[in-house]
Amino acid sequence: MQGDIAVAKSTDKGATWQQLGIALDEDWHLSYPYVFNYLGQIYMMPESSQKGELRLYRALNFPLQWTLEKVLIKKPLVDSFIINHAGIYWLFGSDHSGFGTRRNGQLEIWYSSSPFGPWKPHKKNPIYNVDKSVGARNGGRPFVYDGNLYRVGQDCGETYGRRVRVFKVEVITKDDYKEVEVPLGFEEPNKGRNAWNGARYHHLDVQHLSSGKWIAVMDGDRVPSGDPVHRFILGSASLAAVTVVAVVLGVLLGAVKCIIPLSWCAHYSGKRNNALLGRERSNLFSSKVRRFCSRLNRVPLCVRGKIKLYTWAGKLVLAVTIVVGVALMCTGVKYLYGGNDAEEAYPLNGHYSQFTLLTMTYDARLWNLKMYVKHYSRCSSVKEIIVVWNKGRPPRSSDLDSAVPVWIRVEDQNSLNNRFKRDPMLKTRAVLELDDDIMMTCDDIERGFNVWRQHPDRIVGFYPRLISGSPLKYRGEKYARRHKGYNMILTGAAFMDHTVAFERYWSKEAKAGRELVDRYFNCEDVLLNYLYANASSSQTVEYVRPAWAIDTSKFSGVAISRNTNVHYKIRSNCLLKFSEMYGSIAGRKWEFDGRKDGWDL
């Protein structure tokens, strides 16, 4: 819980960063490193309110070596900056220790003829001492545009640093100060908490480059301030509520005979010594505890067995109580063990990436599609969605509630091969092939994407299969787990490099396989697994276990493979045919990896 000032370097306009090291490490918390140039020297003024003073450091060897130049003001100021405007140096900062100030809603100004001081307070100090949502606390470097000075402030109304606000300074003199809010020119995130700044963005650094262009750096977070404490409190409260519900249910069913054993009370029938008897007589609190425990023990006698399971009312109360208990248990586990990264994207090699979500459907499954698009479009790394429309009248993109662009590709022929058709609309290397009737959490999707980025030459997905036996027989995930391995990943929920996967699928060697897929109207994912296995002797598939997955087609009654036995029989035939065409994969097997299998989450 102590911040240091670190340095990172980018040579490609912020796409990737090289960590250079720690620039400043003190015995107290440091943040908000305001850096500026004065008379050829580089200075830094970090926030060091824990020390109780505002310090100015000078670079000995920029950017990693600094020395203390001067203590400017002995006040615990936070998020301060210095700017030269109209020939006067102005210092803006917030003092959280002053009497009557509102946290994150206070702002003071000082002025001087030099950045080293002495600093004189503005006549109207405090400039702000108001609600924390007005943007009083500084949120980044001020900047001058067209001769006007602009100040960046933080709106801390919902959480610390919820959003950035920009103010145009209309009047700034030693006796007067006036500013008005202006538009930030920045669109609010449309992915909710899954956006890179979905929970808050509280710092903006705008600079005018020597080339005449402008560059801005903004932070973002998917986790509100204080979220770990918030999660712990909610999780503990939920589990405590589950305990209470279980005890109450036990009492009502007659299973719980006593809540507080009498031996826990100060008054009990066991052997006493004289010292204990003396304390009981003289201690009023002890007698009150005895009375409370006695009453508490009598409670079960009044309500025990009130629920009669053979009545409709009893069954209803029992069902509702169980549902409430399960909901509370799931809530508690989510908050305590879900982790703060439940909504976060995963960086790789120092930067983030995105993928295209591709699904194939038809008119009878429009209900699934609408829910699908609304949910997955708000996942962090989804760049756009392509809907392969196989049959019927397609919807318009405007009919779908999406946070990203949605493209509907209408096919002339109803074929499962269309799933892997080469498409010039694909702008990302990574494609997530995901059936429109599968619902998973965005966190699971991001975990799968992270694994694929480590193994982009593989099919990385969420449904494993083990192809083995003589003759080959298609079986479900339980068989693979029972035999502790897999060699196939269903592409109804899998990441892949479309430049490789689609090229292989539409190659001349795969023509006979594609014809078989059209004949059976099945097995397109099996074919792609065989093509991958045929192209490499190393591991070609990778499994990531989702926390949970729901098949929504079962609610709508439009599942394509409603008869599991027939579906599996067709796939077993495909296995035999594909093995003749491309060689068997039965000899391959990879064990489940607990790190990707969800067991350590």
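Residues numbered from 1 in each chain as written. Predicted model: local features only at pLDDT ≥ 70, side-chain atom pairs only at ≥ 80, totals over all residues. Heavy atoms only, no water.

- As recorded by an unreviewed UniProt entry, the protein carries the name Glucosamine inositolphosphorylceramide transferase 1 and is attributed to Populus alba x Populus x berolinensis.
- Quoted verbatim from the Subcellular location (unreviewed entry) heading of the UniProt record, the comment on the protein is "Membrane". (UniProt positions renumbered as here; feature names shortened; annotations may be inferred.)

Observations regarding the overall build of the protein
Then, in step 1: Counting its secondary structure elements, the protein contains 12 helices and 28 strands.
Then, in step 2: Buried residues in the protein amount to 45% of all 601 residues.
Then, in step 3: Considering only contacts in the protein between residues 6 or more positions apart, those separated by 24 or more positions represent 62%. (Helix = DSSP H or I, 4+ residues; strand = E, 2+ residues; numbered from the N terminus. Buried < 20%, exposed > 50% of the residue type's maximum accessible area, 1.4 Å probe, protein only. Contact = heavy atoms within 4.5 Å.)

Here's the deal with the packing of aromatic side chains
Then, in step 1: A complete count under the given rule lists 30 aromatic pairs for this structure.
Then, in step 2: Here the aromatic rings of Phe186 and Trp196 are separated by 6.2 Å at their centres, their planes lie at 85°, and the arrangement is edge-to-face. You can see Phe186 sitting in the loop between β15 (177–182) and β16 (204–208) and its partner Trp196 sitting in the loop between β15 and β16, a full 10 residues away along the chain.
Then, in step 3: On the basis of relative accessibility, which here comes to 40%, the residue Trp196 falls in the partly exposed class.
Then, in step 4: What links up through ring pairs into an aromatic cluster is the set Tyr34, Phe36, Tyr38, Tyr43, Phe81, Tyr89, Phe92, Phe116 and Tyr177.
Then, in step 5: Residue placement shows Arg475 over the ring face of Tyr479; its charged tip is 4.2 Å from the ring centre.
Then, in step 6: Seen from the ring of Tyr532, Arg504 lies directly overhead, with NZ or CZ sitting 4.6 Å from the centre. (Phe/Tyr/Trp six-rings, centres within 6.5 Å; stacked < 30°, edge-to-face > 60°. Lys NZ or Arg CZ within 6 Å of the ring centre and 35° of its normal.)

Examining the state of the cysteines
Then, in step 1: Enumeration according to the criterion identifies 2 disulfides in this entry.
Then, in step 2: Linked covalently through their sulfurs, Cys379 and Cys442 form a disulfide whose S-S length is 2.1 Å. Across the S-S bond of Cys379 and Cys442 the torsion is about -75°, and the bridge reads as left-handed. Highlighted residues: Cys379 in the loop between α5 (366–376) and β19 (382–389) and Cys442 in helix α6 (residues 442–454), separated in sequence by 63 residues.
Then, in step 3: Look at Cys379 and you get buried, because its relative accessible area is 0%.
Then, in step 4: Residue class for Cys442 comes out buried when judged on its relative accessible area of 8%.
Then, in step 5: Covalent S-S linkage joins Cys523 and Cys574, the inter-sulfur distance amounting to 2.0 Å. Between Cys523 and Cys574 the sulfur-sulfur dihedral comes to about 85°; the bridge is accordingly right-handed. One end of the pair, Cys523, is in the loop between α9 (511–520) and α10 (524–535); the other, Cys574, is in helix α12 (residues 564–582), with 51 residues separating them in the sequence.
Then, in step 6: Exposure remark for Cys523: the relative accessible area of 0% places this residue in the buried category.
Then, in step 7: Here the bonded cysteines of the protein are numbered in sequence order, and their pairing is 1-2, 3-4. (Disulfide = S-S within 2.5 Å.)

Here's the deal with the nonpolar core
Then, in step 1: Counting 44 residues, the largest nonpolar core has Ile467, Met496, Leu528, Tyr530, Leu575 and Phe578 as its most contacted members.
Then, in step 2: Here the element with the most residues in this core is α10; it accounts for 7 residues.
Then, in step 3: Residue contacts for Leu575: discarding those within four places in its chain leaves Ile467, Leu472, Lys473, Tyr474, Met488, Val526 and Tyr530. (Core = buried A, V, L, I, M, F, W, Y, C linked by side-chain atoms within 4.5 Å.)

A few points about the sheet that holds β19
Then, in step 1: The sheet built from 7 strands is open, its strands ordered β20-β19-β18-β21-β26-β23-β27 with mixed pairing. Both outer strands of the open sheet, β20 (406–410) and β27 (541–543), are each paired with one neighbouring strand and no more. Sheet twist, expressed as the mean angle between neighbouring strand axes with direction ignored, is 25°.
Then, in step 2: The sheet strands contacting helix α8 (residues 498–505) are β21 (430–434) and β26 (493–497), and the helix crosses β26 at an angle near 95°. (Pairing = 2+ DSSP bridges. Axes fitted to C-alpha atoms, helices over the stretch in contact; angles between N-to-C directions.)

Focus: α12
Then, in step 1: Its 19 residues place the ends of α12 26 Å apart at the C-alpha level, agreeing with the 27 Å of an ideal helix rising 1.5 Å per residue.
Then, in step 2: Within the span of α12, buried status applies to His567, Arg571, Ser572, Cys574, Leu575, Phe578, Ser579 and Tyr582. Take α12 and look down its axis: the buried residues cluster within an arc of 165°, on one side only. Of the exposed residues in α12, the ones pointing more than 90 degrees away from its buried face are Asn565, Lys569 and Glu580.
Then, in step 3: Residues of α12 that are buried sit in contact with β25 (488–489), α9 and α10.
Then, in step 4: Looking at the residues trailing α12, positive phi occurs at Gly583, about 90°. (Expected span 1.5 Å × (residues − 1). Arc of directions from axis to C-beta.)

Regarding a nonpolar patch on the surface
Then, in step 1: The grouping of Val229, Phe232 and Ile233 at the surface amounts to a nonpolar patch, some 330 Å² of accessible area in total.
Then, in step 2: Mapping Val229 onto the fold places it in helix α1 (residues 227–253).
Then, in step 3: By relative accessible area, which is 55% here, Val229 ends up exposed. (Patch = residues over 30% accessible without salt bridge, like charges linked within 9 Å, V, L, I, M, F, W, Y side chains within 5 Å. Areas by Shrake-Rupley, 256 points an atom, 1.4 Å probe, with all protein chains shown as cover. Salt bridge = Lys/Arg side-chain N within 4 Å of Asp/Glu carboxyl O.)

Concerning α5
Then, in step 1: Turning to α5, its buried residues are Asn368, Leu369, Tyr372, Val373 and Tyr376. Projected onto a plane normal to the axis of α5, the buried residues spread over an arc of 125° and lie on a single side.

Thoughts on the side chain of Ser94
Then, in step 1: Within the fold, Ser94 resides in strand β8 (residues 88–95).
Then, in step 2: A relative accessible area of 0% places Ser94 in the buried class.
Then, in step 3: Setting aside anything within four residues of it in sequence, one finds Ser94 in contact with Pro76, Leu77, Val78, Gln106, Leu107, Ala136 and Arg137.

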